[in-house]
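Commentary on secondary and tertiary structure
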Amino acid sequence: EKCAEIAVIEVMTTLRSFDPDISKEKLSNDIYSILHSDAVVGHLNTQLKGVLRTLVPRNRGEWLAEDIERHMAEKRAFLRLLSERLHRAVGDVVSRLPPPAQPLQQSAAIRVAV
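By convention here, each chain's residues receive numbers from 1 onward along its written sequence. For a predicted model such as this one, the threshold for reporting local features is a pLDDT of at least 70, and the threshold for listing and counting side-chain atom pairs is 80 or more; totals across whole chains, interfaces and linings nevertheless cover every residue. Only heavy atoms go into the side-chain values, all of them from the structure, while hydrogens and water stay out.

Brief notes about the overall build of the chain
Runs of E in the DSSP output that reach at least two residues are strands. Runs of H or I that reach at least four are helices, and both are numbered from the N terminus. Counting secondary structure elements, the chain contains six helices and zero strands. Reading the helices (α) and strands (β) of the chain from amino to carboxyl end gives α-α-α-α-α-α. Between buried and exposed lies partly exposed: a residue is buried under 20% and exposed over 50% of the maximum accessible area for its type, with that area taken using a 1.4 Å probe on protein chains only. Taken over 114 residues, the chain has a buried fraction of 22%. We call two residues in contact whenever any of their non-hydrogen atoms come within 4.5 Å of each other. Taking all contacts inside the chain whose residues are at least 6 apart in sequence as the whole, residues at least 24 apart take part in 46%. Computed by Shrake-Rupley with a 1.4 Å probe, the accessible areas treat only the displayed protein chains as cover when residues are assessed. For the chain, the exposed surface amounts to about 8,400 Å²; the carbon and sulfur share of it is 58%.

Describing the pattern of salt bridges
The rule for a salt bridge is simple: a side-chain nitrogen of Lys or Arg has to be within 4 Å of a carboxyl oxygen of Asp or Glu. This structure, assessed with the given rule, holds seven salt bridges. Across the salt bridge formed by Glu5 and Arg76, the nearest N and O atoms sit 2.6 Å from each other. Separated by 71 residues along the polypeptide, Glu5 in helix H1 (residues 2-18) and Arg76 in helix H5 (residues 68-96) bring together distant segments of the chain. When the shortest N-O distance is used, the salt bridge between Glu69 and Arg16 registers 3.1 Å. In this pair, Glu69 sits in helix H5 while Arg16 sits in helix H1, placing the two residues 53 residues apart along the sequence. Several salt bridges converge on common partners, so that one network encompasses Lys2, Glu5 and Arg76.

In structure tokens, the structure reads:
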């Protein structure tokens, strides 16, 4: 997902470099058209194409903001928050686990494996 996010940001940067005065609406429409055009991204592997299209949904009503730049910023903030919550939850679970009884000696581990 991180690669797809970087790809969208690179496309935004590239389009802005060609037209520094591009409106937010035009930039949003151009990126939308690029990501949802099989003529442009159809050659990408299915997984990357799917992640790109999930990151920038076909249905603009699913966007987190009106324009692509704010949508991506909101998406990044949401994913960062989700990641922080996940790390916190995993840390809580791990801290509740009982300590291991005794570490296995290497010879005992080999006997168990065989």
